[in-house]
Amino acid sequence: MKLPRNFFKPLAIGAPAPCRELPVRLERMIHFVPPHIEKVRAKVPELIGRVDVLLGNLEDAIPADEKEEARRGFIEMARANDFSTTSLWVRVNALNSPWMLDDVLQIVEAVGYKLDVMMLPKVEGPWDIHYLDQLLAQLEARYGLRKPILIHAILETPEGVNNIEAIAAASPRMHGFSLGPADLAASRAMKTTRVGGGHPDYRVLADPVAEGEARPAYQQDLWHYTIARMVDACAATGLKAFYGPFGDFSDPAACEAQFRNAFLLGCAGAWTLHPTQIEIAKKVFSPDPAEVKMAHKIIQAMPDGSGAAMVDGKMQDDATWKQAKVLVDLARLVSAKDPELAARYGL
Ligand code: GLV
Ligand code: MG
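Right, let's walk through the structure included here. (Residues numbered from 1 in each chain as written. Chains lettered and ligands numbered in written order. Predicted model: local features only at pLDDT ≥ 70, side-chain atom pairs only at ≥ 80, totals over all residues. Heavy atoms only, no water.)

**Observations concerning the overall build of the protein**
Piece 1. For the protein, the count of helices and strands is 15 helices and 12 strands.
Piece 2. The principal-axis extents of the C-alpha atoms in the protein amount to approximately 65 × 55 × 45 Å.
Piece 3. Across the 347 residues of the protein, 48% fall into the buried class.
Piece 4. Of note, the protein has its 39 positive side-chain charges centred 5 Å away from the centre of its 44 negative side-chain charges. (Helix = DSSP H or I, 4+ residues; strand = E, 2+ residues; numbered from the N terminus. Buried < 20%, exposed > 50% of the residue type's maximum accessible area, 1.4 Å probe, protein only. Lys, Arg positive; Asp, Glu negative; His and termini not counted. Charge placed at Lys NZ, Arg CZ, Asp CG, Glu CD.)

See the structure below:
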C-alpha cells in the first residue's frame, strides 16, 4: 500500500508537486480536432474563443499512416496559439500501440508547458495510470515544467469499468473520466453500430392493455448504468465525469437529450466532434437560468446553509442548500466566461 504521506510527493526529483485539488475550470465541451489536417489547424485560433477545452486527437479516427503527422500537427498548433483560458488537451494513442511512447515523449518535450491534460484511451486498471504518472513526472523534471500535466482516462473497456474506483484513486494526477461508448459497446459485445446515444430496440414493454389498443413501449438509456458508475467514482474522488462522443451529427435533438441526461446525473461536459455540437454542449452544460434563480433564492433564504426554510412553497434544508450551491457555483464559473449567460443569471 502506498503511504498517504507519499501520495502527494512528486514521482521524480525536480517534478512539480501534484495538485491536491483539481484546478477550477469550465469544461462544458472537450472539442476534438484532427491535427494532421492543415485546414483544421488553420481554424484553431477562431475555435479557441468558442470552446472550453480544445483537444488534439491522435488516437482512433486518425489513419495509421497519418499518426506521426497528427503528432507533428498537434505540436505545431500548440506552439502557434495562445489558448488563454481555454484548456489544451491531447488524446494520445493507447498504451499497447506503436505510437504512444513517442506521443508522450515528443509532446511533453515540445509543448508540455502548454498542456493541461493528457487523455489516455482504453484504460484497464490503475497500473496504466501508474505507468503514465511516472513517465510524466520524469519528463516534467527533465524539461523543468512547473505545473503537473493531468491524466484523463477514457472508460471504454469492461475491465476499466470493473476497476473504475481503483483507476480514479490511482494518482493525484487524475483529472476524470469520459465514457467511450463506441469501444465499450464493441468490447462488451453490445449489438449496436452507433457511437453513443440510444437504440430503438432497447425498450421496456408496458403491461398488456385492453384488446385492440396499442401496447406502449418505452426506449431506455443504454448508458445509464455506466454513466452512473462513472459519476459516483468521480464524485467520491474529487474528479470530473464526461459523456464522450455522440456520432450521429444529423440528430442534434438526440445529442442534446443524451448530453442532458449526463448533465443531470452529474457530468461536467461532453465531447464535441462536430462544430454544431459546440452550441448544444454549451446550452446543456450551462445551468438553466430559471434553476439558477431558484438555487440563488434557496441560498439567500438560508445564508449559513443550516436549518429549514420554505421557498416558493417548497421545503428546503441543508441538503437542498448544497444542491443549490452546486448550481450557483457552476453558474458563477459560466458567468466568468460568458457575458450573455452572466446577464441572464444575474448573480
Ligand atoms: C471513444 O473513444 C469511444 O470509443 O467511444
Ligand atoms: Mg474509443
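**Describing the environment of P98**
Piece 1. On the secondary structure map, P98 appears in the loop between β3 (87–91) and α5 (100–111).
Piece 2. We classify P98 as exposed; its relative accessible area is 66%.
Piece 3. In this structure the C-alpha to C-alpha distance between P98 and K67, which are 31 residues apart in sequence, comes to 10.0 Å.

**Considerations on the packing of helix α11 (residues 252–265) against helix α12 (residues 276–285)**
Piece 1. As a packed pair, α11 and α12 sit with axes 9 Å apart at the nearest point and diverge in direction by 35°. In this structure, α11 meets α12 at a crossing whose hand is right-handed. Taken together, the residues of α12 that come into contact with α11 (itself represented by P252, C255, E256, F259, R260 and F263) are Q277, I280, A281, K283, V284 and F285.
Piece 2. Partitioning the contact of α11 with α12 into residue classes produces eight nonpolar, one polar and three charged. (Axes fitted to C-alpha atoms, helices over the stretch in contact; angles between N-to-C directions. Left-handed = near helix turned anticlockwise from the far one by under 90°. Contact = heavy atoms within 4.5 Å. Nonpolar A, V, L, I, M, F, W, Y, C, P; charged D, E, K, R; others polar.)

**With respect to unusual backbone geometry**
Piece 1. Phi at K122 is positive, roughly 50°, even though this residue is not glycine.
Piece 2. Here K122 falls in the partly exposed class, since its relative accessible area comes to 25%.
Piece 3. Positive phi is not limited to glycine here, since A189 has a value of about 60°.
Piece 4. Structurally, A189 can be placed in the loop between α9 (181–188) and β7 (203–205).

**With respect to the site of ligand 1**
Piece 1. Looking at ligand 1, the residues that line it are R91, E156, G180, P181, A182, D183, P245 and W271.
Piece 2. Within the side chain of R91, one N or O atom sits 3.0 Å away from an oxygen atom of ligand 1.
Piece 3. About the coverage of ligand 1: the protein hides 93% of its 190 Å² of free accessible area.
Piece 4. The dominant element in the shell around ligand 1, judged by the number of residues it contributes, is α9, at three residues.
Piece 5. For the shell around ligand 1, the residue count by class is four nonpolar, one polar and three charged. (Near = heavy atom within 4 Å. Polar contact = N/O pair within 3.5 Å; in protein donor to acceptor, adjacent residues only side chain to side chain. Areas by Shrake-Rupley, 256 points an atom, 1.4 Å probe, with all protein chains shown as cover.)

**As for helix α14 (residues 318–337)**
Piece 1. The end-to-end C-alpha distance of α14 is 29 Å, a good match for the 28 Å that 20 residues give at a rise of 1.5 Å each.
Piece 2. Considered for burial, the residues of α14 that qualify are T320, W321, A324, V328, A331 and V334. Looking straight down α14, one finds its buried side chains confined to an arc of 145°; they lie on one side. Exposed positions of α14 whose direction lies more than 90 degrees from the buried face are K322, V326 and A336.
Piece 3. Of the surrounding elements, those touching the buried residues of α14 are α13 (289–301), β12 (314–316) and α15 (339–345).
Piece 4. Capping of α14 at its N-terminal end is provided by D317; its side-chain oxygen lies 3.0 Å from the backbone amide nitrogen of A319. (Expected span 1.5 Å × (residues − 1). Arc of directions from axis to C-beta.)

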